[in-house]
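Remarks on the overall topology
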Amino acid sequence: QVHLVESGGGSVQAGGSLRLSCAASGGTFSNYAMGWFRQAPGKEREFVAGINWSGLAKYYADSVKGRFTISRDNAKNTVYLQMNSLKPEDTAVYYCNQDQKSTWDGIGDYWGQGTQVTVSS
C-alpha cells in the first residue's frame with residue numbers, strides 16, 4: 001500500500017515562505033506523477049500543483065502560478081512544494097497525492113494525511 005507523509009507546514013505572515021515535503025513509501029515513486037491539493041475549512045478540496053514522473057512537466061492552479069513551485073527528488077522518494085509570497089487565502093490543509101500514471105492527469109488515488117499551512121495578515 002502506498003503511504004504518503006507530508007511535512008513542513010506551519011504558521012507564517014503574509015509574504016512569507018514555506019516548503020512542504022511529501023515522502024512516499026510502498027510503491028515505485030519514480031514511475032508516477034504526483035500532486036498537491038489543499039482544503040480550507042468549509043471549502044472543497046482544490047488542486048494546487050502537479051508534476052510528471054521526471055519532474056520536467058509541471059502544472060499549477062491559476063491562484064498559485066508564479067508563487068508556488070513543485071519539484072521532486074526521485075532518489076529520495078520525495079515531492080516538494082515551495083510556497084513563496086504566501087497570502088491569507090493560502091491557509092489550508094495541504095495534501096500530497098500520487099497518481100497511477102507517469103503523467104499528471106488531474107488526480108491520483110493515494111493521499112497523505114495533510115499538513116496545516118496558516119498565513120496571517
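1. Some thoughts on the environment of S30
- Position of S30 relative to the elements: it lies in the loop between β3 (18-25) and β4 (34-39).
- The exposure class assigned to S30 is partly exposed, which follows from its relative accessible area of 29%.
- Measuring from C-alpha to C-alpha, the distance between S30 and W53 comes to 5.7 Å, with 23 residues separating the pair along the chain.
- Excluding residues that lie within four positions of it along the chain, S30 makes contacts with W53, R72 and N74.

2. Structural notes on the pairing of β4
- The element β4 is extensively covered by neighbouring structure, given that five of its six residues are classed as buried.
- Taken together, the five bridges between β4 and strand β5 (residues 46-51) define a ladder with antiparallel strand orientation. Counted as the bridge partner of R38 is E46 from β5.
- Between β4 and β5, which follow one another and run antiparallel, lie six residues, and G42 among them has a positive phi close to 80°.
- In the sheet, β4 pairs with strand β9 (residues 92-98) via six bridges, with the strands oriented antiparallel. Bridge pairing links F37 to Y95 in β9.

3. Concerning the packing of aromatic side chains
- Applying the stated criterion across every chain yields a total of five aromatic pairs.
- With centroids separated by 5.7 Å and ring planes inclined at 75°, the aromatic side chains of F37 and F47 adopt a geometry described as edge-to-face. With F37 in strand β4 and F47 in strand β5, this pair connects stretches of sequence that are ten residues apart.
- Take F47: its relative accessible area is 25%, and that puts it in the partly exposed class.
- Each ring, one from F37 and one from W111, has its centre 5.0 Å from the other, and the planes form 65°; the classification is edge-to-face. With F37 in strand β4 and W111 in strand β10 (residues 110-111), this residue pair connects regions lying 74 residues apart in the sequence.

Reading the values: the criteria
- Residues numbered from 1 in each chain as written.
- Predicted model: local features only at pLDDT ≥ 70, side-chain atom pairs only at ≥ 80, totals over all residues.
- Heavy atoms only, no water.
- Helix = DSSP H or I, 4+ residues; strand = E, 2+ residues; numbered from the N terminus.
- Buried < 20%, exposed > 50% of the residue type's maximum accessible area, 1.4 Å probe, protein only.
- Contact = heavy atoms within 4.5 Å.
- Pairing = 2+ DSSP bridges.
- Phe/Tyr/Trp six-rings, centres within 6.5 Å; stacked < 30°, edge-to-face > 60°.

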